Amino acid sequence: MPRITLPDGSVKEFESPVTARQVAESIGARLAQAAVGCRVDGELADLGTVLDRDCSLAIVTEKTRAGDPDPDALFLLRHSTAHVMAEAIQRIVPGAQLVYGPPLDTGFYYDIAFPEDRPLKEGDFEAIEAEMARIVKNDRPFTRYELPVDEGMAKLKGEGSKYKIDNAEQAVKAGSDRLSFYATGEPGKDWEDLCRGPHVPGTGRIGAFKVMSLASSYWHGDENSDRLTRVYGTAFFSKKDLDAHMMRIEEARKRDHRVLGRKLQLFHIDEQVGQGLILWTPRGSVIRKELQDWIGGELRKMGYTDVYCPHIGKLDLYKTSGHFPYYAESQFVPVMERDFLSKVSDEGCSCSDLSNMMGEGDIEGYLLKPMNCPHHIKIFDSQPRSYRDLPIRLSEFGTVYRWEQSGELNGMTRVRCFTVDDAHLFCREDQVGEEVRGCLKLVKIAFETLGLTDFRIRVGLRDPDSSKYVGDPAVWDKAEAACREAASELGAKVSMEPGEAAFYGPKIDFVVKDVIGREWQLGTVQVDYNLPQRFDLSYVGADNQRHRPVMIHRAPFGSLERFVGVLIEHFAGAFPLWLSPEQVRVLPISEKSNDYAKEVVAKLTEAGLRATLDDSDNRVQGKIKAGSEMKIPYLLVVGPRDAENRAVSVRAFGEEKDLGQMPLEDFVAAAAEEHRGKGKVTVKDRMPAGV
RNA sequence: GCCGCUGUAGCUCAGUGGUAGAGCGCACCCUUGGUAAGGGUGAGGUCGCGGGUUCAAGUCCCGCCAGCGGCUCCA
């Protein structure tokens, strides 16, 4: 006698076990028609699930009752489409062995092992999609059946699929006492797959799908294991939704900082200079310099002092800090002294000997610095320190070098040389809380000024069961409490993540969501008990005893390269006035107005604005098009009508129409104010009424 | 680093065994104009690099370099 509670709280009682589909039918034919699955006690399940005891049931349809697309419905759809794609691929490439095919937020993939002599190519997509379309058109039902473990294993062994056997073994290990299979159609007759489900009722529900791309993966993510081909696809209930998805991808591509970086001439990567090495062009450098000057000003207010350090240091320094040879693989190969090289070569040292010595850290030379902290520590340690001197806050836009794997490099966001807006704070234990709070405040100001208001905070705490952490547990407790408290004071989403601390101390990471919803880890604040110990740092306390200072590493932007890369995408290249490489471009209507236009440019430049003149022989329309494509905040059209009134006709980026005429002096004042105030008040706010 | 794809003019791309192309950009000329491209002419390429096959290679094969999509990694 199952009693079934529906989402509205009503209860339906049945004489005997029923399927979710039957319940849906009892509610209404249209609901049953629209149903793609259900949630039984909150758990996503097939529509054909038999309900034989009391439970809560929600019927899943394409859209939630509020009218939004239901993520569960898409999950079912994509999981099902993965089966259809796998069937199509196996038909086209006999011998292809299926591994694992889960749904994703934006689609799904299927990892497949292809025969060596028949890899999958992008050219196969058309045939796969055609085959998929056929399967969808047949509207075959997804039919679940279960077997006891031994029978199911016997079946899989008979089919000889080592990957599916492995999946089944994992399921058993996780506690399953039965194995479930899904036939796309009739079991024993149609294509089927070991799968825990659930699925939509039939292939006919798949409204629109697309095979997207190929990638490679490893079995179990292990690079020493089998190499698999990952086939990505996506599916939606309607063609319209798929089209919208493709549009979004296209939009994201237009925002891509690598595409915009070229188009807007912000940075350049040159083959001959090297992979992952960013050349900041004049335009990009404006953005970087504005950011540096601004954050530098904030730091001065907060009691930081600037330091400058070389880009290299002796290997011994990094042996003390622990970076070498432990992280040797992610560093550039050390720079060796001539004398050292000739000495070891005289001793008969071979290349492989040298390589081994390097692995052991047993060589002499210099390292391109992978981090700034050791240099800053040496500055701290260059003179005796009293407790009265603390905290000492040393800041530097410090350039570091890391040997990222070539496949990891990506535009400005993953590079081999980058500049950290770094600082190291040396303080007493009792000052940690306040210093951390100060760092967080700075990060918050930075993000909010740039409109990166959607961010969350991850507080990495130590794993209480692990012994890998340095320092006194009681001190850790205090530092963790300080981080936790400071983070929660910020009023953003905070998550505590035990086990995510660095081995040397707890850390706070800022994860920013950009305007298209992608998350980026940018700013970070880390408490460090390790390096002060390794370098035996001390200060003299009020008790005239030596005490160990605590270090805080912090970088609100992270790296300038990554930060600017993210900003390019965040603003889609349309930077706010104060960051714009070219803030105002003056467009004379014809040559006759060139003189006045030059005067306008001069006035703007005098006011500290970055202004240029477009005196090409294009017509105004052409100049506007060109200026708009460069995403310049203000285009000033000037013709005889403006010259006569000593005025300018203002066109702001993103506005469909021009804002109208404004006296030149007023525009200069308003733009200068917008620049200084970082956009708090804009020129538009100062336009005469009626705009 | 691994797998797959790609590499042709400054940019975006067409050309798949037989004399290197287009659009945009650039230069010059005409046009002197009022809010997202007026018209014309022209310059510009060892087809990523190195080998090979062929009477003939941008095109086919091999190696390398770089970019892209992933995987793995990220102090």
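Everything here concerns the structure above.
Just so you know, these numbers come straight off a predicted model, no measurement behind them.

Caption draft 1: Geometry of the overall build of chain A. Check the secondary structure of chain A and you find 21 helices and 33 strands. In terms of its C-alpha atoms, chain A occupies a principal-axis envelope of roughly 85 × 80 × 55 Å. Looking at chain A residue by residue over its 691 residues, the buried ones come to 49%. Contacts spanning at least 24 positions in sequence make up 68% of the contacts within chain A whose residues lie at least 6 apart. As displayed, chain A offers around 34200 Å² of accessible surface, 48% of which is attributable to carbon and sulfur atoms.

Caption draft 2: Quick peek at the sheet that holds strand β29 (residues 584-588). Taken together, the five strands give an open sheet; going across it, the order is β30-β29-β31-β32-β33, and neighbouring strands pair in mixed fashion. The strands lining the two open edges of the sheet, one partner per strand, are β30 (611-613) and β33 (660-663). Neighbour to neighbour, the strand axes of the sheet diverge by 35° on average, direction disregarded.

Caption draft 3: Summary view of the sheet that holds strand β9 (residues 108-113). Spatial ordering of the open sheet is given by β8-β9-β14-β13, a layout of four strands whose pairing is antiparallel. Two strands in the sheet have a free side with no partner beyond their single neighbour: β8 (97-100) and β13 (208-218). Strand after strand, the sheet turns through a mean of 30° between neighbouring axes, direction not considered. Alignment of β13 against strand β14 (residues 227-236), held across ten bridges, turns out to be antiparallel. The residue bridging Ser-216 from the neighbouring strand is Thr-229, located in β14. Here helix α6 (residues 162-173) sits on the sheet and contacts β8, β9 and β14; the angle it forms with β8, its principal contact strand, is near 30°.

Caption draft 4: Examining empty space enclosed by the protein more closely. By the definition in use, this model includes one cavity of 30 Å³ or more. In terms of residue class, the lining of the largest cavity is made up of seven nonpolar, two polar and three charged.

Caption draft 5: Spatial organisation of the packing of aromatic side chains. Under the definition given, this model contains 16 aromatic pairs. Ring centres of Tyr-109 and Tyr-232 lie 5.6 Å apart, and the angle between their planes is 55°; on these two criteria the pair is classed as tilted. With Tyr-109 in strand β9 and Tyr-232 in strand β14, this pair connects stretches of sequence that are 123 residues apart. Here Tyr-109 falls in the buried class, since its relative accessible area comes to 10%. Owing to a relative accessible area of 27%, Tyr-232 belongs among the partly exposed residues under this scheme. Relative to Phe-563, the ring of Phe-447 has its centre 6.5 Å away and its plane inclined at 20°; by these criteria the two rings are stacked. Of this pair, Phe-447 sits in helix α14 (residues 432-449) while Phe-563 sits in helix α17 (residues 560-570); the two residues are 116 residues apart in sequence, bridging distant segments of the chain.

Caption draft 6: Focus on the environment of Ser-80. As for its position among the elements, Ser-80 is in helix α3 (residues 71-92). On the accessibility criterion, Ser-80 (0% relative accessible area) is buried. C-alpha separation for the pair Ser-80 and Thr-305, spaced 225 residues apart in sequence, amounts to 60 Å. If sequence neighbours within four positions are ignored, Ser-80 has contacts with Phe-142, His-199, Val-200 and Ile-206.

Caption draft 7: Focus on the side chain of Arg-230. Mapped onto the fold, Arg-230 is located in strand β14. Engagement of the side chain of Arg-230 in a polar contact is seen with the side chain of Asp-111, the distance being 2.7 Å. Once residues lying within four places of it in the same chain are set aside, the contact partners of Arg-230 are Tyr-109, Tyr-110, Asp-111, Ser-213, Leu-214, Ala-215, Ser-216 and Ser-217.

Caption draft 8: Seen up close, the protein's contact with RNA strand B. RNA strand B sits among 48 residues. The nearest are Ser-216, Gln-275, Ser-330, Glu-408 and Ser-590. Close to the protein, within 4 Å, the atoms of RNA strand B belong to sugar or phosphate groups at a rate of 45%. In the model, a base nitrogen of RNA strand B is placed 2.7 Å from a nitrogen or oxygen of the Asp-642 side chain. Those elements that provide at least two residues to the surface near RNA strand B are β13, β14, α8 (257-263), α19 (620-629), α20 (640-645) and β32 (647-652). Sorting elements by how many residues they give to the surface near RNA strand B places α19 first, with seven residues. Considered class by class, the residues forming the surface near RNA strand B number 13 nonpolar, 17 polar and 18 charged.

Caption draft 9: Broad picture of a nonpolar patch on the surface. On the surface, Tyr-326, Tyr-327 and Phe-503 cluster together into a nonpolar patch covering about 350 Å² of accessible area. Looking at where Phe-503 falls in the secondary structure, it is placed in the loop between β23 (493-498) and β24 (507-513).

Caption draft 10: Just helix α4 (residues 125-138), in detail. With 14 residues, α4 ought to run about 20 Å at 1.5 Å a step, and its terminal C-alpha atoms sit 20 Å apart, in line with that. Of all the residues in α4, the buried ones are Phe-125, Ile-128, Glu-131, Met-132, Ile-135 and Val-136. Projected down its long axis, α4 shows its buried positions confined to an angular sector of 140°, all on one face. Across α4 from its buried face, at more than 90 degrees, point the exposed residues Glu-126 and Lys-137. Packing partners of the buried residues in α4 comprise α3, β11 (178-184) and β13. Positioned one or two residues after α4, Asp-139 has a phi angle of 45°, which is positive.

Caption draft 11: The arrangement of the pattern of salt bridges in detail. Per the counting criterion, the structure on display carries 45 salt bridges. Across the pair Glu-480 and Arg-462 runs a salt bridge, and its minimum N-O distance is 3.2 Å. With Glu-480 in helix α15 (residues 473-488) and Arg-462 in the loop between β22 (455-461) and α15, this residue pair connects regions lying 18 residues apart in the sequence. Exposure remark for Glu-480: the relative accessible area of 6% places this residue in the buried category. One salt bridge in this structure joins Asp-509 and Lys-507, with 3.7 Å as the shortest N-O distance. Residue class for Asp-509 comes out buried when judged on its relative accessible area of 5%. Each of Glu-87, Arg-91, Glu-131, Arg-134 and Arg-140 takes part in one network of salt bridges that share partners.

Quick notes on the rules
- Residues numbered from 1 in each chain as written.
- Chains lettered and ligands numbered in written order.
- Predicted model: local features only at pLDDT ≥ 70, side-chain atom pairs only at ≥ 80, totals over all residues.
- Heavy atoms only, no water.
- Helix = DSSP H or I, 4+ residues; strand = E, 2+ residues; numbered from the N terminus.
- Buried < 20%, exposed > 50% of the residue type's maximum accessible area, 1.4 Å probe, protein only.
- Contact = heavy atoms within 4.5 Å.
- Areas by Shrake-Rupley, 256 points an atom, 1.4 Å probe, with all protein chains shown as cover.
- Pairing = 2+ DSSP bridges.
- Axes fitted to C-alpha atoms, helices over the stretch in contact; angles between N-to-C directions.
- 1 Å grid on protein atoms, 1.4 Å probe; cavity = no way out; pocket = protein on both sides within 12 Å on 5 of 7 lines; lining within 4 Å.
- Points joined across faces, edges and corners; volume = space filled by probe spheres on them.
- Nonpolar A, V, L, I, M, F, W, Y, C, P; charged D, E, K, R; others polar.
- Phe/Tyr/Trp six-rings, centres within 6.5 Å; stacked < 30°, edge-to-face > 60°.
- Polar contact = N/O pair within 3.5 Å; in protein donor to acceptor, adjacent residues only side chain to side chain.
- Near = heavy atom within 4 Å.
- Patch = residues over 30% accessible without salt bridge, like charges linked within 9 Å, V, L, I, M, F, W, Y side chains within 5 Å.
- Salt bridge = Lys/Arg side-chain N within 4 Å of Asp/Glu carboxyl O.
- Expected span 1.5 Å × (residues − 1).
- Arc of directions from axis to C-beta.

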